[in-house]
Every structure is written in C-alpha cells, then in structure tokens.
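Letter by letter, the chains look like this.
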Amino acid sequence: MPVPRLVATDLDGTLLTSRGTVTPRSVAALARLQRLHGTRVLLASGRSPRSVQKVIDLFAGGLVPDSVICCNGALAFDPSTREISLPQFLVLEAAVNCVRGIRAAVAASGGGIAAFACEVVYIGAGVEEYSGDTFFVCDAEWKRIRASAIYYKHTVLDSGELMESFLETLYSAEGGQRGAIIKLLALDESRPAPRLYESLPPELKAEPHGSDPATQFSVVYSGEYFLEISAANVSKGLALAAYCAKHGIDREDVVAFGDLINDVEMLKFAGTGLCMRNGHEEVKKLADRVIGFNDDDGVAQEIESWFADSA
C-alpha cells in the first residue's frame, strides 16, 4: 500500500508490548516514516499527558510524535512544547451524577466495592488559561486497590471522603469553576470493567441525548481494570478528524492502529483502520484488516511492508 500522510496509533495493546514497553524496531519504523517520507505520526491514547510523556521518554530521542491525542480525545498534547490544548471538559453535574449511578450499580450487585479517580485540569483567571497538565485525584479505595499501578504524583482523598464531594469543591465561590474534569475513572473491586459496564443501567450506557447537561457523558472501557467517563461526543475519532481538518489531510491518507473499543471511531475515520490480532473481537470485525500481535511488533511489521511495496 502507498505510504500515508498520517499514521495514528494507540499505545497500550497496540504499539506497546504487554509489559508496557516499546521495542527499538517499532520506534525505528515510525521514525523512518516521519523522517524519510514526511508522514505525520500521531499517538492516540486514553492516557493523560503525563503518562504519555513516560512512553515518549522510552523512545530515547528516536522519535518525537507530531501530536498526541490524550484521554480518549478529551485533549491534545504537544510533545515538543509539553503544552495541552483543546480540552473537552466533563460537565461537573454530569460527573457527579455518573459517580452516584455507578456507585449505586455496584452496591446493587452485592459484595462489590466501588472506587473512583479523575484527571483534573485547574483553571486560571484568563480565557483558556489552564494548568500545564492534568492532575490525578483518587479516593482511598482506588489507592488501596490500584496502588501498584500509580507511579506518578497524585492526590488521595481522605479516608471516607467521597469522589462526589471532591467534584463539588471544583465549583468556585463566584459561581464559576476553579477546576474541571477531563476524565473520570471507576472500578468495582469484585469484577473486571467489561462486566461492570454490562451491569450498568441503560441510562448510564446510552448515547447522550437532549440538552440536559447532567446527562452529557459517555462511558467506555479500554482494558480490564476500569471504566473511563468523558464528556459527551469525545472520542479518538473526532479528535483525529479535527487534527486532519486543521492540517488539510484527507481521511483516505490516514492509517490508524488500535485494539479496543475506545479505538473504534478512530479506525472507522481512517482510510485504513487496522486492528491488532490481540484486539477485541468486535473491533476486529469493524477494522479493514487484522494485523500481527502487539508483542510481535505488529505495527512495525505492517509499516515495514509499505517500504517493501514502494521499493
């Protein structure tokens, strides 16, 4: 196939191995596209900017992505300047309602323990004046359950303090907001995210509709551990479409790699959407093709085949 103008790739389960590492072969393949063919390289992840930067550090200078879609499309991150832009905030009322709904669903199942975390952007006095990164805040139960996975600076709520209470503190005394939510996370200690998702009442899983801000959220999962809640109509696909429109790139000139449900819109937008062999079965059905496993450098194998085709 011809070399595309833009390659967008998911990280976990796609570009990264099961151990969360990236191989020199994968970095070299993307770098060759960027340097020799002028292809733009865009990372698209559910991760925060802080967490994506950890991955970019693994590239050891061999590759600097042109841009990064973070938090499943809720904001953009420029790895050259380390600045965030285009945040899509979750309405606080919607966040509170969603937490309460998930907490009630877990309680109704019997025996489970709900835990919550969020990525916060603090807002300054000026227009579009935001903190330079998101800040991770979790409740005490999240810390207890996920302590081994938290390798970055974070804030833990006092024991017994509910996430709902913290969210309400983000309203300012003047009636505005001193902080906003980019992404909300939820888990049930007793079962994996897909089973928790299936147990939610229809109103939490339904596509957002109407104009009531309290209903404007979207619940997905991108792995086994937790649910991810974002503002309505936030997706990697919409963020990719916006990037292409800004830079005059036709969707037919885009190749996207992914593996899970939160990659579907991105794969559908791209002219060629490729799913990893280790990916979700439903995503494989929707993709244009299924390629190799992430642990076998599936992304690099695919890119290398383009060079052979153009030789």
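Residues numbered from 1 in each chain as written. Predicted model: local features only at pLDDT ≥ 70, side-chain atom pairs only at ≥ 80, totals over all residues. Heavy atoms only, no water.

**What to know about the overall build of the protein chain**
Each helix and strand in the protein chain was counted, giving twelve helices and 14 strands. The C-alpha atoms of the protein chain give a radius of gyration of 19 Å, which matches the 19 Å a tight globule of 311 residues would have. Judged by the C-alpha coordinates and their principal axes, the protein chain covers about 60 × 45 × 40 Å. Classification of the 311 residues of the protein chain by burial places 52% in the buried group. (Helix = DSSP H or I, 4+ residues; strand = E, 2+ residues; numbered from the N terminus. Rg over C-alpha atoms; globule rule 2.2 N^0.38 Å. Buried < 20%, exposed > 50% of the residue type's maximum accessible area, 1.4 Å probe, protein only.)

**Considerations on the packing of aromatic side chains**
Inspection of every chain in the model, using the stated rule, returns five aromatic pairs. The ring of Tyr225 carries Arg146 above its face, with NZ or CZ at 4.8 Å from the centroid. Above the ring of Tyr197, the side-chain terminus of Lys205 is found at 5.5 Å from the ring centroid. (Phe/Tyr/Trp six-rings, centres within 6.5 Å; stacked < 30°, edge-to-face > 60°. Lys NZ or Arg CZ within 6 Å of the ring centre and 35° of its normal.)

**Details of the sheet that holds strand β10 (residues 217-221)**
The six strands lie next to each other as β8-β7-β6-β9-β11-β10, forming an open sheet whose pairing is mixed. Every interior strand has two partners, whereas the edge strands, β8 (154-156) and β10, have only one. Each neighbouring strand pair of the sheet contributes to a mean axis angle of 25 degrees, computed without reference to strand direction. Strands β6 (114-122), β9 (179-188), β10 and β11 (227-231) of the sheet are contacted by helix α4 (residues 92-109), whose axis makes an angle of about 10 degrees with β9. (Pairing = 2+ DSSP bridges. Axes fitted to C-alpha atoms, helices over the stretch in contact; angles between N-to-C directions. Contact = heavy atoms within 4.5 Å.)

**Section: unusual backbone geometry**
Not every positive phi belongs to a glycine, and Ala60 is a case in point at roughly 55 degrees. Among the structural elements, Ala60 can be located in the loop between α3 (49-58) and β3 (67-70). Residue Ala60 is classed as exposed on the basis of its relative accessible area of 70%. The phi torsion at Arg82 lies on the positive side, around 60 degrees, for a residue other than glycine.

**Description of the side chain of Lys183**
Secondary-structure assignment places Lys183 in strand β9. A polar contact of 2.3 Å, which involves the side chain of Lys183, links it to the backbone oxygen of Gly46. Those residues in contact with Lys183 that lie beyond four places of it in its chain are Gly46, Arg47, Cys71, Asn72, Ala117, Cys118, Glu119, Glu228, Ile229 and Ser230. (Polar contact = N/O pair within 3.5 Å; in protein donor to acceptor, adjacent residues only side chain to side chain.)

**Regarding the sheet that holds strand β14 (residues 289-290)**
Two modes of strand pairing occur in sheets, parallel and antiparallel, and in both the strands are linked by backbone hydrogen bonds. Ordered in space as β5-β4-β3-β2-β1-β12-β13-β14, the eight strands form an open sheet in which the pairing is mixed. Strands with a single pairing partner mark the edges of an open sheet, and in this sheet they are β5 (83-85) and β14. Note: β3 against strand β4 (residues 75-78), three bridges, orientation antiparallel. Note on β4: the bridge partner recorded for Cys70 is Leu75.

**Description of α3**
In terms of residue burial, α3 counts as a mostly covered element, since seven of its ten residues are buried. When we look at burial in α3, the residues that qualify are Pro49, Arg50, Ser51, Val52, Gln53, Val55 and Ile56.

**Considerations on the pattern of salt bridges**
In a structure, side chains of opposite charge can pair up when their charged atoms sit close to one another. Counted by the stated rule, this structure contains 14 salt bridges. Residues Arg25 and Glu304 are paired through a salt bridge, measuring 2.7 Å at the closest nitrogen-oxygen approach. Of this pair, Arg25 sits in helix α2 (residues 24-37) while Glu304 sits in helix α12 (residues 298-310), and the two are 279 residues apart along the sequence. Here the salt bridges do not stand alone but share partners, grouping Asp10, Lys236 and Asp263 into one network. (Salt bridge = Lys/Arg side-chain N within 4 Å of Asp/Glu carboxyl O.)

**Considering the environment of Gly273**
As for its position among the elements, Gly273 is in strand β13 (residues 272-275). Exposure remark for Gly273: the relative accessible area of 0% places this residue in the buried category. Taking the C-alpha atoms as reference, Gly273 lies 5.3 Å from Ala287; in sequence the two are 14 residues apart. Ignoring anything within four residues of it in the chain, the contact list for Gly273 reads Ala256, Leu267, Ala287, Asp288 and Arg289.

**Some remarks on the nonpolar core**
In globular proteins that are soluble, nonpolar side chains generally tend to be buried together. Among the nonpolar cores identified, the biggest contains 37 residues, and Leu15, Leu30, Leu43, Phe59, Phe257 and Ile303 are the most heavily contacted of them. Secondary-structure elements contributing two or more residues to this core are α1 (11-15), α2, β2 (40-44), α3, β3, β4, β12 (254-258) and α12. For this core, the element with the most residues is α12, which contributes five residues. Beyond its immediate stretch of four places on either side in the chain, Leu30 contacts Val7, Leu15, Val41, Leu63 and Ile303. Within the second largest apolar cluster, 33 residues are counted, among which are Val96, Leu167, Ala193 and Ile229. (Core = buried A, V, L, I, M, F, W, Y, C linked by side-chain atoms within 4.5 Å.)

**So, the pairing of β3**
Consecutive side chains along a regular strand alternate between the two faces of the sheet. Residues Ser67 and Ile69 of β3 are buried on one face, and the alternating residues Val68 and Cys70, pointing to the opposite face, are buried as well. Pairing of β2 with β3, which is carried by three bridges, proceeds in the parallel orientation. Looking at β3, one finds that Leu43 is bridged to Val68. Taking the residues that link successive antiparallel strands as the turn, the β3-β4 hairpin has four residues, and the phi of Cys71 there is positive, at about 50 degrees.

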